[in-house]
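Chain and residue survey
So you can see what is in the structure, the chains are spelled out below.
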There are 2 protein chains.
Amino acid sequence: MQNSHGGRPPMQMHPASVLVRQILVLNEVMEFIMRREMDLNETDFQAMQHLMKQRSMSPGELAKVLHLTAAATTTVIDRLARKGHITRTPHPTDRRRWLISPSEQSVRAAMENLMPMILDVDNKVRSYNDRDQAVIVDFLNSVVASMGSRVAALENGPAPIPPTVHTDSRKV
Amino acid sequence: MQNSHGGRPPMQMHPASVLVRQILVLNEVMEFIMRREMDLNETDFQAMQHLMKQRSMSPGELAKVLHLTAAATTTVIDRLARKGHITRTPHPTDRRRWLISPSEQSVRAAMENLMPMILDVDNKVRSYNDRDQAVIVDFLNSVVASMGSRVAALENGPAPIPPTVHTDSRKV
DNA sequence: CTTGATAATCAGAAAATCTAATTACATAAT
DNA sequence: ATTATGTAATTAGATTTTCTGATTATCAAG
């Protein structure tokens, strides 16, 4: 009785659709494990992700991307600094701000954790011939486009938008 | 100076790798917008996701997948019930448990928000010919495999594993 | 039918975030 | 130059969320 879909029709999804979903779930699982290993809560971990991506940010910038108040962001930065994950340095031109940067060893640890997977995927895609690579890129692009238009639609209140029509290239 | 990668070499990623990353980020953006629209915190939203996927769960099962204590899970359920997102019904065979089920309108709202995107992706992949579909599935499978082995590696302490070697099918 | 485990909840403490006020600095307009 | 206004970060105290430990009800094994 665990998953008998009583009411909703199961709806046969394409394996690729299922795999995309699986990737999203696996990403969350990975994040959870890394968070636990680094002893960081969700917010602090997200902050580290942004800091590593951007190399350095002011508390204000961090607050924006984390959707936190300035006050909460101060405490995030305090916690991360106390644990040695980041350093505060004075902003070169604006003395009201700080520049927050991830510590050397945090960056290295993250690299060591994620690089194998990233390289794995990168190597995999490069192992296809050019045409197949183009197919993969085309598909992924359309996923990004669909998600992007969903985001746009959701941002402007709940007004559903008709799905895109795709030209069908199947050989009969 | 925002992204001059001072120190780390930029490392040229395949467009497909970049797109995969983009998809993961977009997923979080979408979740955030939906959460805000439904006025749910991260945890309560995650609970709804699991409940919709499984159709119904006991508080104990919910606690496991949310990585929460039983006590915290009780409050999650209380909040969701108070807002009308779920209902508690007695467990058919074990009178200690409840069965938590998402409300009709919660399921419908989620469907309306996500279905267009899901169908979009599904239609897109079906628009390729069989061989190209196989390429896409093969690639996605390898992404899942890479992430899965990363998860496995991370779960057993920080012991890095050498990346997979892929057979190269490029035409010279 | 008693004993030991399990499911959910309650009570109070701890952690994380919020609102509002404060301090220091920057920028624009006299 | 001086003042006025706005912005960046922090602090203080309240609120929300989660945790630990104890409690109640039920199940399952002997």
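All of the points below concern the structure found in this document. Quick caveat: nothing in here was measured; it's all calculated off a predicted structure. (Residues numbered from 1 in each chain as written. Chains lettered and ligands numbered in written order. Predicted model: local features only at pLDDT ≥ 70, side-chain atom pairs only at ≥ 80, totals over all residues.)

1. Observations concerning the overall build of chain A
A count of helices and strands for chain A gives six helices and two strands. Going from N to C terminus, chain A has its helices and strands arranged as α-α-α-α-β-β-α-α. For chain A, the residues scored as buried account for 23% of the 172 residues in total. A separation threshold of at least 6 residues defines the contact pool for chain A, and within that pool the share at least 24 residues apart is 36%. (Helix = DSSP H or I, 4+ residues; strand = E, 2+ residues; numbered from the N terminus. Buried ≥ 20, exposed ≤ 12 C-beta atoms within 10 Å, placed from the backbone. Contact = placed C-beta atoms within 7 Å.)

2. Some words on helix 5 (residues 104–126) of chain B
Helical geometry: 3.6 residues make up each α-helical turn, so side chains three or four residues apart lie on a common side. Over its 23 residues, helix 5 of chain B runs 30 Å from end to end, which matches the ideal 33 Å to within 8%, given 1.5 Å per residue. Maximum bend of helix 5 of chain B: about 40°, positioned at Leu114(B), with proline Pro116(B) one to four residues after it. Among the residues of helix 5 of chain B, those classed as buried are Met117(B), Asp120(B), Val121(B), Asp122(B), Lys124(B) and Val125(B). On its buried side, helix 5 of chain B packs onto helix 1 (15–38) and helix 6 (130–155) of chain A together with helix 6 (130–155) of chain B. (Expected span 1.5 Å × (residues − 1). Bend = angle between axes of the 7 residues up to and from the residue.)

3. Structural notes on the protein's contact with DNA strand C
Around DNA strand C lies a shell of 21 residues, among which Thr43(A), Ala71(A), Ser58(B), Gly60(B) and Ala71(B) are the nearest. Listing elements by their share of the surface near DNA strand C, those giving two or more residues are helix 4 (70–82) of chain A together with helix 3 (59–66) and helix 4 (70–82) of chain B. The residue inventory of the surface near DNA strand C, partitioned by class, reads nine nonpolar, seven polar and five charged. (Near = placed C-beta within 6 Å. Nonpolar A, V, L, I, M, F, W, Y, C, P; charged D, E, K, R; others polar.)

4. Details of the relation of the copies chain B and chain A
The second copy of the chain is related to the first by a rotation about an axis and a shift along the axis. Relative to chain A, chain B is turned by 180° and slid 0.0 Å along the rotation axis, the superposed coordinates differing by an RMSD of 0.0 Å. Both chain copies can therefore be described as sitting about a two-fold axis. Of the interface residues in chain B, 100% have counterparts in chain A that sit at the interface too, so the contact is made through matching surfaces. (Least-squares fit on C-alpha atoms with pLDDT ≥ 70 in both.)

5. Focus on the pairing of strand 2 (residues 98–102) of chain B
Residue and element names in this part refer to chain B. Of the two faces of strand 2, only the one carrying Trp 98, Ile 100 and Pro 102 is buried; Leu 99 and Ser 101 on the other face are not. Summarising the sheet, strand 1 (residues 86–90) and strand 2 pair through five bridges and their orientation is antiparallel. From the neighbouring strand, Thr 87 faces strand 2, where its bridge partner is Ser 101. (Pairing = 2+ DSSP bridges.)

6. Overview of the protein's contact with DNA strand D
Every one of the 22 residues lining DNA strand D counts as a neighbour, but Ser58(A), Gly60(A), Ala71(A), Thr43(B) and Ala71(B) are closest to it. Looking at the surface near DNA strand D, the elements that each hand over two or more residues are helix 3 (59–66) and helix 4 of chain A together with helix 4 of chain B. When the residues that make up the surface near DNA strand D are grouped by side-chain class, the tally is nine nonpolar, seven polar and six charged.

7. A short note on the packing of helix 1 of chain A against helix 6 of chain B
In the contact formed by helix 1 of chain A and helix 6 of chain B, the axes pass within 9 Å of each other and the chain directions differ by 20°. Between helix 1 of chain A and helix 6 of chain B, the interaxial angle falls into the category roughly parallel. Between helix 1 of chain A and helix 6 of chain B lies a crossing of left-handed hand. Taken together, the residues of the contact of helix 1 of chain A with helix 6 of chain B sort by class into 18 nonpolar, four polar and three charged. (Axes fitted to C-alpha atoms, helices over the stretch in contact; angles between N-to-C directions. Parallel < 35°, antiparallel > 145°, perpendicular 65-115°, else oblique. Left-handed = near helix turned anticlockwise from the far one by under 90°.)

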